[in-house]
Amino acid sequence: VSVGVPTLKPFSPLKPTMEQEYDTTLVGAASALRSPSMCPTEVASDSESVADTESVASLGDALERLDIGDEHSPLTALLRTCGQTQDDIKTMATLCKKYFSKKAKKIGEGTYGEAFKGDGVVTKIIPMGGDALVNGEVQMGPREVHAETAIVKSLTELSANDTRKNFTDGFIRLVNASVCRGPYSKKLLTAWDKYAVKGESENEKPDNLPSNQLYIAYTCEDGGADLEHFEFRSATEAVALLFQIVVALAVAEEQSQFEHRDLHWGNVLIKRTRVQKKQARLNGVDINMQTSGLNVTIIDFTLSRLTADSGETFFLDLNADPELFNGPKKHCQSETYRRMKKAIKGKWDAYEPKTNALWLHYLADTVLEQKHYSVTMEQKKALSDFRKRALTYKSAHAAMFDELFSGIWTSGKSSFDS
């Protein structure tokens, strides 16, 4: 069973190369977070003025419009995936009491939503299914939201049990996904204002949305800074980052026929750690890898493709958004979308893991051309050679055995234990 949804306009944080400047309006609107690592402004805990008992009369109109009574409707399917019923749709104020009891920081934004850091977690809040425009764009519908929700829950399960045949903690772990309703939390609006004062916001303040507006809220672990804003200390760290991504993608390929399809530098999060080794499992075989002191996780699955354990396939039909493929020439990210389209041959429901290898090429280019760190000529050549070879691989799994990663991983029982 395939669950395809119309395309959304993805945000692609392009960065000019030496050869070419470009107009970012070519890329479309934002679905990914623009700057999850920008210096957030903290808002101290205050009393939430929106009562949990606020009238829900107008909510019925919103639910009726979205066909909540139909057990096969997209909203009903979304609620089921979130483990909710219509009666479980709480106010955003209730959400804040659970995840923002001490503080709230806005840390990023996209055309479709806002991201806030709370009590050790990050929550992305996206309006959905309403009539009001969000930053000039039509809101995401519950069908689109359901697809992403199902994907992130499936990927989280890959890290839930390290005894399973396929295991990785290379994807951001979802703490909770839930549908909630307005009004927008005053605590979060205060955090929004503090962020905007610093000139970092391009969005419209979400206080103009109706009180019966529905939202999807994704609460995840805090994965750290994104690749755009992270500073490498050495080429060894850059290689370790690439390999952790390779392994995560390879495990998800094996388990769920997964393709990310939008793995730009805003969708890779990095935290420094004292842990020098980590483990994954691929088709029953342990993968023991050196971390070089980095923990890397992949986020944002708006454009992704995945086949769930139930056999249901989730994907986004990008044929409906030709603008995505019209980015500037000779820019690696724009070229990656075009290469991906050519590999897919217009069949976005099909499984084509080569797209993951294409994004590995892009990431290798990014760490070579967009990041600054100490690197020898030999190391630079090794990264450059991998960048070329990545285009020839048919999957992330195939890229695992590239010579760039020789010596930083073993299979079977860990040989890194002292």
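Preceding block: the structure.
Since this is a predicted model, take the numbers as computed values, not measurements.

Let us now look at the overall build of the protein. Regarding its fold elements, the protein presents ten helices and 16 strands. Looking at the protein as a whole, 57% of its 418 residues qualify as buried. For the protein, the accessible area works out to roughly 17,600 Å², and carbon and sulfur atoms hold 49% of it.

Looking now at helix α2 (residues 74-81). When α2 is considered as a whole, its buried residues turn out to be Leu 75, Thr 76, Ala 77, Leu 78 and Leu 79. Just past α2, the residue Gly 83 takes up positive phi, approximately 75°.

In this structure, Pro 183 follows Gly 182 across a cis peptide bond, with omega equal to 0°. Relative to the assigned elements, Pro 183 resides in the loop between β7 (174-181) and α5 (186-197). With a phi close to 60°, Lys 345 is a non-glycine residue in the positive phi region. By the secondary structure assignment, Lys 345 is in the loop between α7 (332-344) and α8 (354-369). Residue Lys 345 is classed as exposed on the basis of its relative accessible area, which comes to 70%.

A few words on the sheet that holds strand β11 (residues 277-282). Note on sheets: strands pair through backbone hydrogen bonds, and any given pair is parallel or antiparallel. Spatial ordering of the open sheet is given by β11-β12-β16, a layout of three strands whose pairing is antiparallel. Each edge of the open sheet is held by one strand with a lone partner, namely β11 and β16 (409-411). Taken pair by pair, the neighbouring strands of this sheet meet at an average axis angle of 20°, ignoring direction. Sheet topology places strand β12 (residues 285-290) next to β16; three bridges connect them, and they run antiparallel. From the neighbouring strand, Asn 288 faces β16, where its bridge partner is Thr 410. Relative to the sheet, helix α6 (residues 235-256) contacts β11, β12 and β16, its axis offset from that of β11 by approximately 25°.

Once that is clear, we can look at the sheet that holds strand β13 (residues 294-298). The strand order across the open sheet built from three strands is β9-β10-β13, with neighbouring strands paired in antiparallel fashion. Every other strand in the sheet has two partners, leaving β9 (225-226) and β13 as the edge strands with one partner each. Where strand β10 (residues 268-272) lies against β13, five bridges are found, and the strand directions are antiparallel. Residue pairing across strands places Lys 271 opposite Asn 295, the latter belonging to β13. In this fold α6 packs onto β10 and β13, with an angle of close to 40° to the strand it touches most, β13.

Right, let's talk about the environment of Tyr 362 for a bit. One can find Tyr 362 in helix α8. Distance in space between the C-alpha atoms of Tyr 362 and His 264 is 7.6 Å, their sequence separation being 98 residues.

Reading the values: the criteria
Residues numbered from 1 in each chain as written. Predicted model: local features only at pLDDT ≥ 70, side-chain atom pairs only at ≥ 80, totals over all residues. Heavy atoms only, no water. Helix = DSSP H or I, 4+ residues; strand = E, 2+ residues; numbered from the N terminus. Buried < 20%, exposed > 50% of the residue type's maximum accessible area, 1.4 Å probe, protein only. Areas by Shrake-Rupley, 256 points an atom, 1.4 Å probe, with all protein chains shown as cover. Pairing = 2+ DSSP bridges. Axes fitted to C-alpha atoms, helices over the stretch in contact; angles between N-to-C directions. Contact = heavy atoms within 4.5 Å.

Worth remembering: the numbers are spatial, not functional.
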